[in-house]
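Here are the chains, one letter per residue:
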Amino acid sequence: AWSNTGPWGIEWGGYGSLSAYRADLTGARLRPDTQFAGSATDGEWRTDGDTRVALQGRKSLPAGSDLVLQLSTSNTESQHYRPHVDWAYLDLPVGDASRLRVGRQTLPFLRHSETRYVGYAQATVRPNPAVYVLSTGSPVDGANLTWEGDVQGGTLRADLGVGRSSARAGGQPVRVRHSVV
């Protein structure tokens, strides 16, 4: 990971990961995950499994607002290393304890959404896999309202998000026309 503040007060950051794998089986192909396009034959080394690069820019605006843009590239079935917009949103404060994000974003599923590509990081204990099937993890074009406050010595966070999303699974398009989280 890397970050730097550049011209016009834009904070730049990024990360990259390189995944290498080798097939050790005869008569079949190894594919580390069904979402990735590559697969290896017996004895072949590949670096296209979970290799990805991302760049994010954040511009702080008056009154505590932010503009955020993140671009990334990987070898998923739908991208084949073509850069795409992970998120591009305006983040606005709403009162003392709430924020409103409007634009393309990943909704906060179990605080997993913004760390899911960084070394398989998990900010919470991993829930049952069926929970992740409910969401493609794809960016959502919509809005998210977050409230976070102190409750009896701890922190409670509530999110309400709405929007539209689309992804590819097994080569087939998946479209979510309305989503409320």
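Residues numbered from 1 in each chain as written. Predicted model: local features only at pLDDT ≥ 70, side-chain atom pairs only at ≥ 80, totals over all residues. Heavy atoms only, no water.

Glancing now at the overall build of the protein. Scanning the protein for helices and strands turns up 1 helix and 11 strands. Moving toward the C terminus, one meets the helices and strands of the protein in the order β-β-β-β-β-β-β-β-α-β-β-β. At a minimum sequence separation of 6, the contacts of the protein that also span at least 24 residues come to 42%. Carbon and sulfur atoms form 58% of the exposed surface of the protein, whose accessible area is close to 11300 Å². (Helix = DSSP H or I, 4+ residues; strand = E, 2+ residues; numbered from the N terminus. Contact = heavy atoms within 4.5 Å. Areas by Shrake-Rupley, 256 points an atom, 1.4 Å probe, with all protein chains shown as cover.)

This brings us to the side chain of Ser72. Take Ser72: it is sitting in strand 6 (residues 66-74). Of the residues examined, Ser72 reaches a relative accessible area of 2% and is grouped as buried. Here Ser72 is in contact with Val53, Ala54, Arg82, Pro83, His84 and Asp86, once residues within four sequence places are set aside. (Buried < 20%, exposed > 50% of the residue type's maximum accessible area, 1.4 Å probe, protein only.)

Our next topic: a nonpolar patch on the surface. Taken together, the side chains of Val94, Leu145 and Leu160 make up a nonpolar region of the molecular surface, amounting to roughly 240 Å² of accessible area. Mapped onto the secondary structure, Leu160 falls in strand 10 (residues 154-169). Judged by its relative accessible area of 47%, Leu160 falls in the partly exposed class. (Patch = residues over 30% accessible without salt bridge, like charges linked within 9 Å, V, L, I, M, F, W, Y side chains within 5 Å. Salt bridge = Lys/Arg side-chain N within 4 Å of Asp/Glu carboxyl O.)

Now for unusual backbone geometry. Positioned with a positive phi, Ala63 is a non-glycine residue whose angle comes to about 65 degrees. Along the chain, Ala63 turns up in the loop between strand 5 (52-60) and strand 6. Of note in the backbone geometry, Gln152 takes a positive phi value of approximately 50 degrees without being a glycine. Taking relative accessible area as the criterion, Gln152 reaches 86% and is therefore assigned exposed.

What follows covers the confidence of the model for the protein. For the protein, the mean per-residue pLDDT works out to 75, and 62% of the residues sit at or above 70. Confidence, expressed as mean pLDDT per element, reaches its minimum in the protein at helix 1 (residues 129-133) with 56 and its maximum at strand 8 (residues 98-105) with 94. Segment residues 111-115: pLDDT under 50, and 13 contacts once partners within four positions in sequence are set aside and those in other chains are kept. Segment residues 119-125 is flagged for pLDDT under 50; beyond a separation of four residues in sequence, or across chains, it makes 8 contacts in the model. (pLDDT = per-residue confidence, 0-100.)

What follows deals with the pairing of strand 6. In this sheet, strand 6 lies alongside strand 5 in antiparallel orientation, the contact comprising 9 bridges. Note that in strand 6 the partner of Ala54 across the bridge is Ser72. Taking the residues between adjacent antiparallel strands as the criterion, strand 5 and strand 6 are bridged by 5 residues, where Ala63 takes a positive phi near 65 degrees. Summarising the sheet, strand 6 and strand 7 (residues 84-94) pair through 7 bridges and their orientation is antiparallel. Counterpart to Leu69 in the pairing with strand 7 is Ala88. (Pairing = 2+ DSSP bridges.)

Let's shift gears to the pattern of salt bridges. Side chains that differ in charge, positive against negative, can pair when their charged atoms come close. Tallied over the full model, the rule gives 5 salt bridges. In this structure, Arg58 engages Asp66 in a salt bridge whose closest nitrogen and oxygen atoms are separated by 3.4 Å. Look at Arg58 and you get partly exposed, because its relative accessible area is 24%. Within the structure, one salt-bridge network assembled from shared partners comprises Glu148, Arg157 and Asp159.

This paragraph deals with the environment of Leu67. With respect to the secondary-structure elements, Leu67 resides in strand 6. Distance from Leu67 to Val102, taken between C-alpha atoms, is 9.9 Å for residues 35 residues apart in sequence. Leu67 has contacts with Gly57, Arg58, Lys59, Leu61, Tyr89 and Leu90, leaving out every residue within four places of it along the chain.

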